[in-house]
Amino acid sequence: MYRPVSRRDISPRVFQALQNLDVDSLSECTEEEIRAVMPCLARMSLIGPLDQSPECALSRRMVFKILSGRETVNSIVGLLSIDFHALEVDVKKEQTLRQKLGNQTEDSALIQSLSHSYALEFEKSDPTRRLRLFLSELLTLMAQSKEMKPETTFKSSELLDQEIYFDEVADVLCVALAELTILLPIAEVAEALLRTLHGPSFICRIVANMPDTFNEVCQSLISNGERYEEESFLGRARLETLRSLCRMCPNQMLMIRLKCVEMCRMPALAVLLSLDYASCQKMMKIEKDTQLGDVVPFISGLLLGGDANVRTWFSLFIRNGQKRHDRATALQTLREELLRSLQSLVQMAVDEPLPDRCAVDASALLRLYCALKGIAGMKLYDEEGLLLLQLITCRPPPTEAGLRFVALGLCMLMACPSLIALPDQEQRGFQWVKWLVREESYFEKSPASSSGKCMETARSSFGEMLLLMAIHFHSGQLSAVCDLVCSTLGMRLLLRPASTARMKVAFTQDIFPEQVVTSHAVRVPVTPGLNADVAGFLPVHCIYQLLKSRAFSKYRVPIKTWVYRQLCESRPPLHPLLPSLVEVYVSSILTLAPPKNNQNQSGPTGSVDLGHDPISEEEIRIVFANSFSKNVCRASTDVQEYSVTAQLLLLYYALLYEDTRLTQVKNYMIAGINVKSYSQSFFANLPIRYLISQAEKEQHLYAGLFSPLLRLLATHFPQLCLVEDWMYETSDNRLSSLCSPHGSVPSCSSQTVIQAFTDLVGCPAPAMLLMQKLLAMPSKSLWQIAHTFISQFRSILGEAVPRQVQEMYRQVWLKLNSILPRQLWVMTANAVRLQLSLEDCPPPTLTQDHLTFDPLHVLRCDPRVFRCPPAMQIVLYMLKAWLGASRTHLSRHLLDKPLCGPVAAQGPGNLAGVTSDSEREELKMALIAAQESSVVQIVLELCLQTDEDEASDQRLSELREIQSIVCSFLHQLFIADPNLVKLVHFQGYPSALLPLTTQGIPSMHICLDFLPELLAQPIIGDLAKQLFAVDLISHLSLQYALPRSFNVARLAVNTLSTLLSVLPSNGRTEIYLPALPALVRIATAFPPLVDDIVSFLVQLGRVCLSQSCLHGSYDHRIVSSLLRQLDQEMVLDEEEHKEEEESVPVKVKEEVVALPQDDCPMEVDIKKEREEGELEEGELPDAKMNNVLSNSTAPVDRIQSDNKTVKSFDFATSNDLSVPFTPTQIRQLFKLLPESSLMGAEVSRTFSQLCNKAILHKKIY
């Protein structure tokens, strides 16, 4: 209990007047009220003011008037008249002495000797002696307060405990603190005085005379307080002191309470201050409508706020308070006040409905009791439980506040089952719930002031909460019931199965049987304008749970119309439950349901059937009717405008329906069920691309729908999810804003489009202005002239048409492509079709089916497209899109027509003899590969240079751009399907395109994986594949000089060497003549392979020379032509060699000149000698080479023109075909080769080029 002290509360009026220096208010106060602040007033009268204004002089005279006639003022003036400087010196000595000797008082600088007790000495002494006596006692208390000892009772002090001396001691205390502020910190003094009997009163006197220290003292007391102050003597003293201070200054109560919460200290003070503040407000008649002021919201905020530390701190205070049986605790006081509020509310609702103004207070009170019990763990008294049940089951007002009160009451019965623990209590609670279900019309009697949309939403929310609770109980989802209760109450509670078992039985058997739930739910009206901002429990929650539990299917309750209407009524931002509603609805449609007649299975009535009816195509078309239709009159009021949200949801429904149906087609066929499917023509007329772009721009409005919708779209319509589309969307808005700076909406007609494109060569300005206007038009307006605009495609293909016109045409085409792309592709394909000369038999108009079955229709277009880069970009874009559509169509066909049961090996419907799904999949992949490889071969041939391209620089420039566009297109195809790269290169294509493909297609490095396999192809008829592989390897080696490329190149050289010994003479000519330039490229890329290539060339040269000896006839004209070409190259090489010789030092030059003219040192020998250390970098062979050459005496005769016998060195007879040879042997061999045969001439020229390349790379490396 709080200790009994004499209460000397300071009048709030006096404190406020002194705080505001309101002398007029002070003059109106009584003498008893003024007595507490006399030290402050006396000090004010003695200090000379700085302000010399008349107002200050008048206030000063009024202070003198207040003090006049009061005898106690003389004693206070005497205290203020002493020598405080000398006293300050003695206080400092006293403090120093106490630090040395501790708390012993034998030696003191303030008082030397005492002949009487402190109290008697204080009474007999003069002011100076009194001040010294008090300071000695105060310093002793301050020293003792710093000792860390638990306080069990107050400190005994003869001087401070005497109530008769209270006023005199208080005056001395106030004067000392005012004059010795530095030596006596007020926070420490207050902490020391707490331990005395009259400590709270002394502290209030101090603060009353020094109003500016109020916050400092309060904050110090709170920060030094305990977390739970009622458990100790000192905590209770601190609590009483702070309450007294707050009673002295009521307007600071809430601020002090806030400090307690911020520091998580003294919760009892926070509660008592709340009650005191409510009492003050009630006395001042400020709060007329509430019973407890802000006590209920404050305590609710502590328990339900977001700060977990505060919640834990206050919850522990509640738990600890229950353990104490002291009736004077703050918790007990709080519960008594709450109980009185409950009683007053119950009395109001005894004979009539609860008043609307009290329904809000009752709702707040219910939430507070739920929080106290569920979060803080407070146990309810029997009286409290009875009153709560009476309050819950009273008749609520038919208003929005009443509905909220009813919802909270129902959830409180679930959260606090102890309220209905007894049979009579349980019966009363269940009767009340039944009354709520039975009397739905009661809440429709709302007054006019409460009627409207908010009331309808609240009534719907409560009804749906009842339905949801019944649905969750039927499905046994206790966690869902718990979530429902927690979301209604706004707090996290734990419901145990045992505590809700009786409520579950009541809901599932007495109140809401399952059949009643389903029949009632389907009659609930849809929520108009449903979006994420509509809060509460809605009909969509109930329908979702019933669909999820398959209750509608069980009782054959049709739900299609309700779902369709609710989807149509959706608005942005998207309600998070609508995508889930679509998913469970589709699942309920396509999941096989039990037979309709389970008891009679003898006939077809016992067959398996599907669940609900799907939404028809016509119903979905109605929602999209106003999107881009030309036939809809915008001024018509009969056509309803549907939001983009509704269109996106129905699109998601249709795509999800088809996706689910295709995965279960086989099951339907086995069961003999004909399932409705949505046709491709139906999807073709939906603005899918436009809708997905709108969702992508505003993903914050469609957060739960965009991702699953995009996944389904990428699966079933990959042609609408190309990378180019997303890249265009980022620049479309910026381009539109630039084209229409003033925000105007331009318009255009078909006739204007035709006139603008009449003369693009002579006057392109009208067309450019028109297309700039088209780029600024809204999508719906632009699509109205799409057909006319696309019909002018051929007019931009002329060579004289400005490039800017073509680029702007492409920009407009891309904007049209973001609306209805598939219809646009069909228009474009028909507009650029190749015009045949047969006028009597025009080609049929292409449709989406034609282009899906055969995407190559796109390439059967005007040849001018292939030399117009913007048009080529459009055509290749359409080609890529239709390839994806064709691939998806084939996969869909396999899913839509599965094999069921045994299949005949061959029959009328199975001409290919397919008997398994794997074979069908192989045929599908083969067809796709054939289509795509054909596309690759065709577009590659478009890159070949023609005679017309060579005749014009413009055509040549356009060809380069076309090649770049084609390479980018092929790169995308190759990285999408690496197997396509292998197939195309196994088929082969013109070798003239290899430099283009290897340099222009980044993904060509994939070829390194399968080139060994291509080289190993069997030799049947010709060697074209091996030759193509070697050529490709050489170009890849130049482009990707990697270790892997090096291994493949070495394999190619080894393969050529191997074939040399097995090929016939005509086969050698067929492969080695075209392959020799490839060897030069390989040696250029990889100099370490020069030795192997030279070895191969030596072997090839010896074979050629031997063959010429055996077969003396060869074509002299070819050889002579090759020799002349070789001689020209040798002359150029000699000139370059002479220039290099001029830069060589003179000594080296003389040695080189001494060499025979025909014998040039080979780079292979130079390289070898340099590697062995015999030659330095840049140095030529020395005289040792000359000796080798001079010692070579073997006669070598040239081949005569009349085909005489060739005398060769010993190459033909030598069995050693390995390298290295001597330099002389190599040079003599390659002097004979040019005249031996066509092959020999090519080998010799290749060797010469190889030497030059090797020298160059030797310098580089």
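Computed from a predicted structure; not experimentally measured. (Residues numbered from 1 in each chain as written. Predicted model: local features only at pLDDT ≥ 70, side-chain atom pairs only at ≥ 80, totals over all residues. Heavy atoms only, no water.)

**Topic: the overall build of the protein chain**
Then, number 1: Each helix and strand in the protein chain was counted, giving 63 helices and 0 strands.
Then, number 2: Considering the protein chain as a whole, with its 1261 residues, one finds that 51% of them fall into the buried category.
Then, number 3: Of the contacts made within the protein chain by residues no fewer than 6 positions apart, 74% connect residues no fewer than 24 positions apart. (Helix = DSSP H or I, 4+ residues; strand = E, 2+ residues; numbered from the N terminus. Buried < 20%, exposed > 50% of the residue type's maximum accessible area, 1.4 Å probe, protein only. Contact = heavy atoms within 4.5 Å.)

**A few points about the pattern of salt bridges**
Then, number 1: Under the counting rule described, the total for this entry stands at 38 salt bridges.
Then, number 2: Arg-13 is paired through a salt bridge with Glu-33; the nearest N and O atoms lie 2.9 Å apart. In this pair, Arg-13 is assigned in helix H1 (residues 12–19) and Glu-33 in helix H3 (residues 31–35), connecting sequence segments 20 residues apart.
Then, number 3: Through salt bridges with shared partners, one network takes in Glu-658, Arg-661, Arg-892 and Asp-896. (Salt bridge = Lys/Arg side-chain N within 4 Å of Asp/Glu carboxyl O.)

**With respect to helix H13 (residues 214–223)**
Then, number 1: Buried within H13 we find Phe-214, Val-217, Cys-218, Ser-220, Leu-221 and Ile-222.
Then, number 2: In this structure, the buried residues of H13 make contact with H1, helix H11 (186–193), helix H12 (199–209), helix H14 (233–248) and helix H15 (253–263).

**Here's the deal with the packing of aromatic side chains**
Then, number 1: This structure, assessed with the given rule, holds 24 aromatic pairs.
Then, number 2: Ring plane angle 80 degrees and centroid distance 5.9 Å describe the contact between Phe-757 and Phe-789, whose orientation is recorded as edge-to-face. Of this pair, Phe-757 sits in the loop between helix H40 (750–756) and helix H41 (765–776) while Phe-789 sits in helix H43 (residues 786–790), and the two are 32 residues apart along the sequence.
Then, number 3: We classify Phe-757 as buried; its relative accessible area is 3%. (Phe/Tyr/Trp six-rings, centres within 6.5 Å; stacked < 30°, edge-to-face > 60°.)

**Section: the side chain of Thr-241**
Then, number 1: One can find Thr-241 in helix H14.
Then, number 2: Apart from the residues lying within four places of it in its own chain, the contact partners of Thr-241 are Leu-194, Pro-200, Ile-203 and Leu-221.

**Regarding the nonpolar core**
Then, number 1: With 375 residues, the main nonpolar core has Leu-245, Phe-507 and Tyr-653 as its most contacted residues.
Then, number 2: Per-element tally for this core: the top contributor is helix H47 (residues 869–896), with 12 residues.
Then, number 3: Those residues in contact with Phe-507 that sit more than four places away from it in its chain are Leu-410, Val-433, Leu-466, Met-469, Ala-470, Phe-473, His-474, Phe-512 and Pro-513. (Core = buried A, V, L, I, M, F, W, Y, C linked by side-chain atoms within 4.5 Å.)

**Focus on the environment of Arg-1044**
Then, number 1: Secondary-structure assignment places Arg-1044 in helix H55 (residues 1043–1060).
Then, number 2: A relative accessible area of 47% means that Arg-1044 is categorised as partly exposed.
Then, number 3: Spatially, the C-alpha atoms of Arg-1044 and Asp-1009 are 9.2 Å apart, while their sequence positions differ by 35 residues.

**Side note on the environment of Arg-43**
Then, number 1: When you line up the elements, Arg-43 lands in helix H4 (residues 38–46).
Then, number 2: Put simply, Arg-43 and Ala-178 are 135 residues apart on the chain and 9.0 Å apart in space, counted from C-alpha to C-alpha.

**Remarks on the environment of Thr-888**
Then, number 1: Position of Thr-888 among the secondary structure elements: in helix H47.
Then, number 2: Residues Thr-888 and Thr-852, 36 residues apart in the sequence, show an inter-C-alpha distance of 9.3 Å.
Then, number 3: The contact partners of Thr-888, leaving out residues within four places of it in the chain, are Thr-715, His-716 and Pro-718.
Then, number 4: A distance of 2.9 Å separates a polar side-chain atom of Thr-888 from the backbone oxygen of Gly-884. (Polar contact = N/O pair within 3.5 Å; in protein donor to acceptor, adjacent residues only side chain to side chain.)

**With respect to the packing of helix H34 (residues 644–663) against helix H38 (residues 703–716)**
Then, number 1: Running from N to C, H34 and H38 cross one another at 50 degrees; their axes reach a closest spacing of 10 Å. Overall, the two elements H34 and H38 adopt an arrangement that is oblique. Seen along the crossing, H34 lies across H38 with a hand that is left-handed. Here Leu-648, Leu-649, Leu-651, Tyr-652, Leu-655, Leu-656, Asp-659 and Leu-662 of H34 come into contact with H38, specifically with Leu-705, Pro-708, Leu-709, Leu-712, Leu-713, Thr-715 and His-716. (Axes fitted to C-alpha atoms, helices over the stretch in contact; angles between N-to-C directions. Parallel < 35°, antiparallel > 145°, perpendicular 65-115°, else oblique. Left-handed = near helix turned anticlockwise from the far one by under 90°.)

**So, helix H10 (residues 166–179)**
Then, number 1: For H10, which comprises 14 residues, the first-to-last C-alpha distance of 20 Å matches the rise-based estimate of 20 Å (1.5 Å per residue) to within 8%.
Then, number 2: Counting buried positions along H10 gives 11 out of 14 residues, so the element sits mostly inside the fold.
Then, number 3: Among the residues making up H10, those that are buried are Phe-166, Val-169, Ala-170, Asp-171, Val-172, Leu-173, Cys-174, Val-175, Ala-176, Leu-177 and Ala-178. (Expected span 1.5 Å × (residues − 1).)

**Description of the packing of H47 against helix H48 (residues 917–941)**
Helix packing for two helices is described by the angle between their axes and how far apart those axes are.
Then, number 1: Viewed as axis vectors pointing N to C, H47 and H48 meet at an angle of 170 degrees, and their least axial separation amounts to 10 Å. For the element pair H47 / H48, the angle class is roughly antiparallel. Mapping the contact onto sequence places Leu-876, Leu-879, Leu-883, Ser-886, Arg-887, Leu-890, Ser-891, His-893 and Leu-894 in H47 and Arg-920, Glu-921, Lys-924, Leu-927, Ile-928, Gln-931, Glu-932, Val-935 and Val-939 in H48.
Then, number 2: Class assignment of the residues belonging to the contact of H47 with H48 gives a composition of 9 nonpolar, 4 polar and 5 charged. (Nonpolar A, V, L, I, M, F, W, Y, C, P; charged D, E, K, R; others polar.)

**Topic: the side chain of Arg-822**
Then, number 1: Position of Arg-822 among the secondary structure elements: in helix H45 (residues 821–831).
Then, number 2: Within the buried set, Arg-822 has no salt-bridge partner at all; the shortest N-O distance to an opposite charge, 9.2 Å, is to Asp-849.
Then, number 3: Among the polar contacts made by the side chain of Arg-822, one reaches the main-chain carbonyl oxygen of Phe-683 at a distance of 2.6 Å. (Lys, Arg positive; Asp, Glu negative; His and termini not counted.)

**So, unusual backbone geometry**
Most peptide bonds are trans, and most residues other than glycine sit at a negative phi.
Then, number 1: With an omega of -5 degrees, the peptide bond between Pro-572 and Pro-573 qualifies as cis.
Then, number 2: Turning to its location among the elements, Pro-573 is positioned in the loop between helix H30 (560–568) and helix H31 (578–590).
Then, number 3: Even without glycine at this site, Leu-21 takes up a positive phi of about 55 degrees.
Then, number 4: Here Leu-21 is to be found in the loop between H1 and helix H2 (23–27).
Then, number 5: Even without glycine at this site, Met-266 takes up a positive phi of about 55 degrees.
Then, number 6: Structurally, Met-266 can be placed in the loop between H15 and helix H16 (267–283).
Then, number 7: Exposure remark for Met-266: the relative accessible area of 0% places this residue in the buried category.

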